[in-house]
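Residues per chain, in single letters:
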Amino acid sequence: MKAGVKGAAIGLLDGSQIEMGPGAELSVVRSEDGLRVRLSSGTVLVTAVKQGGGHLYVETKDCLVSVVGTVFAVSAEESGSSVSVIEGEVHVQRGDISQTLLAGQQAST
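What counts, and at which threshold
- Residues numbered from 1 in each chain as written.
- Predicted model: local features only at pLDDT ≥ 70, side-chain atom pairs only at ≥ 80, totals over all residues.
- Heavy atoms only, no water.
- Helix = DSSP H or I, 4+ residues; strand = E, 2+ residues; numbered from the N terminus.
- Rg over C-alpha atoms; globule rule 2.2 N^0.38 Å.
- Buried < 20%, exposed > 50% of the residue type's maximum accessible area, 1.4 Å probe, protein only.
- Areas by Shrake-Rupley, 256 points an atom, 1.4 Å probe, with all protein chains shown as cover.
- Contact = heavy atoms within 4.5 Å.
- Polar contact = N/O pair within 3.5 Å; in protein donor to acceptor, adjacent residues only side chain to side chain.
- Pairing = 2+ DSSP bridges.
- Phe/Tyr/Trp six-rings, centres within 6.5 Å; stacked < 30°, edge-to-face > 60°.
- Lys NZ or Arg CZ within 6 Å of the ring centre and 35° of its normal.

Caption draft 1: Focus on the overall build of the chain. Helices and strands together make up the secondary structure of the chain, namely 0 helices and 11 strands. Ordering the α and β elements of the chain from the N terminus gives β-β-β-β-β-β-β-β-β-β-β. Over its C-alpha trace the chain gives a radius of gyration of 13 Å, about what one expects of a compact globule, namely 13 Å for 109 residues. C-alpha extents for the chain along the principal axes are approximately 35 × 30 × 25 Å. By residue count, 39% of the 109 residues in the chain fall in the buried class. Surface exposure of the chain reaches about 5,800 Å², of which carbon and sulfur atoms provide 50%.

Caption draft 2: Just the side chain of serine 16, in detail. By the secondary structure assignment, serine 16 is in the loop between β1 (8-11) and β2 (17-20). Apart from residues lying up to four places away in sequence, serine 16 is in contact with Ile10, Gly11, Thr47, Ala48, Val49, Gln51 and Leu56.

Caption draft 3: Highlighting the environment of arginine 94. Looking at the secondary structure, you find arginine 94 in strand β9 (residues 89-94). Here arginine 94 is in contact with Asp62, Cys63, Gln99, Ser108 and Thr109, once residues within four sequence places are set aside. Here serine 108 takes part through its backbone oxygen, which lies 3.0 Å from a polar atom of the side chain of arginine 94.

Caption draft 4: Representation of the pairing of strand β5 (residues 55-59) in the model. Inspection of the sheet shows strand β4 (residues 34-47) paired to β5 by 5 bridges, in the parallel sense. Bridge pairing in β5 places valine 37 opposite valine 58. Of the pairings in the sheet, the one linking β5 to strand β6 (residues 64-67) comprises 4 bridges and is antiparallel in character. The residue bridging leucine 56 from the neighbouring strand is valine 67, located in β6.

Caption draft 5: Region of the structure containing the pairing of strand β10 (residues 97-102). Sheet topology places β9 next to β10; 6 bridges connect them, and they run antiparallel. Bridge pairing in β10 places arginine 94 opposite isoleucine 97. Hairpin connection between β9 and β10: a loop of 2 residues separates the two successive antiparallel strands, and glycine 95 in this loop has a positive phi of roughly 60 degrees.

Caption draft 6: Focus on the packing of aromatic side chains. On inspection of all chains with the given rule, the structure shows 0 aromatic pairs. The ring centre of tyrosine 57 lies 4.9 Å from the NZ or CZ of arginine 36, which sits over that ring.

Written out as C-alpha cells, the structure is:
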C-alpha cells in the first residue's frame, strides 16, 4: 500500500491504527506470533493496542521494532531508519543489537 500526497490511515485487525505520511509505502503480513508491518519507505505513526497473545512488529530494511501497546513513529529512508516513542515502550532490534526505548526516546540506524 502506498499513501498519496496527503498520506493515509489504516486500521489493523488487532485494533491498532497506522497513520502513513505522504508517499509512505508499506505492507502488512501475518507472522507466526502476530502482525508484521513492512515499511519500505516514508514515515508511519503507529497507535498500537495492548497486544494479547501476539505481537505487532514494524520492520524496515535495517531494524525490527516490536510493540507492547504504545504510540510511536518509524521512518525508513535510504540513509537508514529512525524510531521515536511518544507513549509506552518499544523494543528495537538491529542485527545483534537490541534496545528498549521509552517515551521521549529515539534511535537511528
